[in-house]
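# Summary of the model geometry
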Amino acid sequence: ADSATPAAPPAGRAATPSGLVPGEDRINRDRQAALTVLKPSARDLEHGLRLHAESLVFESYGFAPRAALDGAAFQAAAARGTPDAELVDLREEMAMTRWATDENEREEFLTAMRAAGVTCVFQNTGEEGSDPLRLMKRLARFTYATDVGRTTCARAVSPDDITAAKRTGGHCLYFTTNGVPLRQQWESTGDELRLIRIFRQLGVRMMHLTYNRRNPIGDGAGEPNDGGLSDFGHAVVAEMNRLGVIVDVSHSGWRTSLEAAKASRRPMVASHTSCGGVYRHFRGKPDEVIRAICDTGGLVGICCIPRFLGRDGDIRAFLDHIDHAVRTFGAEHVAIGPDISYTSRNDPAERAKVTSRRDGRLPLSAAGPRWEHLWPVDDFKPKPQAEQTLAWTNWPLFTVGLVQRGHSDETIRKILGENMLRVARANGRT
């Protein structure tokens, strides 16, 4: 396998045999929280850390480390009377791009990537929805960042780029969007579908069919009534298959997900979800749906969101979902899609430079709840420190946990990245 070739060890701090990273107190607090829960033997810890370092880690969905705000620049923009919407955009742009332009943020980015041991992130580069300009905004930012900062983290356009990054000890991003770009002029089916090809030419390799809410393709996971994949949705899946764009139903309703799986002729995914057979949550997938996804040759990526996992919502619950997926659907159909990120340690100090407006409100967030986040409220209360045990930089301890659970090295390598690489290759088209 491509990932069997050991990478050149990256410069920078590496984990000690204890699993801790010298000089990184914040990362180590998260590590210690997970180690306290896992209680691995010295043998399992050593084996897991080594296996993680040797393996290709290609997460099936997530976010590269986020940079800190430039507090002074942001405050200056706020003082000029910049509208709230533009300030929210500016905050987001800084988080997504400053690792490529600021030396301190670049070091933070590399520290987190090296601690996590991640070669490639299937990076969300599209704001939730189907409006092409809205989707293009984040895509432009990550294209810019990976162009400017390509020696730190490059843009991968093919699976070969990912394996090449592993061989050299580098890092890269593979692009996905939280929506299918639609003109929504409704003149003809072909006219509506033509932007999929353009976005693929811009580097997008995977797309969500829906994001929580209903759209012309199908119903999202947050809808109380799931009508399934529409006639137009069938045309979208067919076009994505033709062009080699991976179909992702993570945020789709259960019936919509099932019907998309039955329609797809290429391996498809739920890139960041959980198993309803372990804990039933509307953002997870029942076994029937996961089986249909796996029958395409695809996979499910288990996420690190405590409230989707049940039990205590910690690293043990996360491993329970992986165990269930491997046991029920096979090791070839499981990945890890954390859906969480690391945020620069410099961010709190930078945010402290931003003062309140006259109305007492900090100009750092939108005035009201976002439309796409309208979804059912649940009353799940995770165990204290659950999120800490699932911190993004704890990636190596996910591998240690899999070793503890008795999974073979071959199975673990598949889960860490080989399965996602296989699906990417199966959807490949130049």
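Residues numbered from 1 in each chain as written. Predicted model: local features only at pLDDT ≥ 70, side-chain atom pairs only at ≥ 80, totals over all residues. Heavy atoms only, no water.

The next subject is the pattern of salt bridges. A pair can form between side chains of opposite charge whenever their charged atoms are brought close. Summed over the entire model, instances satisfying the criterion amount to 29 salt bridges. Among the ionic pairs, D314 bridges to R316, the shortest N-O distance being 3.2 Å. In this structure, R351 and D347 form a salt bridge, with 2.7 Å as the shortest nitrogen-oxygen distance. With a gap of four residues between them, R351 and D347 both fall in helix α14 (residues 347-351), about one helical turn apart. Each of D89, E92, E127, E128, R134, K137, R138 and R141 takes part in one network of salt bridges that share partners. (Salt bridge = Lys/Arg side-chain N within 4 Å of Asp/Glu carboxyl O. Helix = DSSP H or I, 4+ residues; strand = E, 2+ residues; numbered from the N terminus.)

Using the criterion set out here, one finds one cavity of 30 Å³ or more in the structure. A volume near 30 Å³ is recorded for the largest cavity. Along the walls of the largest cavity sit P65, R66, A67, W99, E105, E108, F109, Y342 and S344, which together make up its complete lining. In terms of residue count, helix α5 (residues 103-116) provides more of the lining of the largest cavity than any other element does, three residues in total. (1 Å grid on protein atoms, 1.4 Å probe; cavity = no way out; pocket = protein on both sides within 12 Å on 5 of 7 lines; lining within 4 Å. Points joined across faces, edges and corners; volume = space filled by probe spheres on them.)

Right, let's get into the environment of R370. Along the polypeptide, R370 turns up in the loop between α14 and α15 (386-389). In this structure, R370 is in contact with E127, E128 and R134, ignoring residues within four places of it in sequence. (Contact = heavy atoms within 4.5 Å.)

Below, the discussion takes up the packing of aromatic side chains. In total, this model carries nine aromatic pairs according to the counting rule given. With a centroid separation of 5.7 Å and an interplanar angle of 25°, the aromatic rings of F58 and F122 are classed as stacked. Residue F58 is found in strand β1 (residues 58-62), and its partner F122 is found in strand β2 (residues 120-124); the two are separated by 64 residues along the sequence. Residue F58 is classed as buried on the basis of its relative accessible area of 0%. By relative accessible area, which is 0% here, F122 ends up buried. Relative to Y174, the ring of F122 lies with its centre 4.9 Å away and its plane at 55°, an arrangement referred to as tilted. Of this pair, F122 sits in strand β2 while Y174 sits in strand β4 (residues 172-177), and the two are 52 residues apart along the sequence. By the ring-pair criterion, three or more aromatic residues cluster together here, those being F58, F122 and Y174. Taking NZ or CZ as reference, R26 lies 4.4 Å from the ring centre of Y342, over its face. (Phe/Tyr/Trp six-rings, centres within 6.5 Å; stacked < 30°, edge-to-face > 60°. Buried < 20%, exposed > 50% of the residue type's maximum accessible area, 1.4 Å probe, protein only. Lys NZ or Arg CZ within 6 Å of the ring centre and 35° of its normal.)

What is shown is where atoms sit, not what they do.
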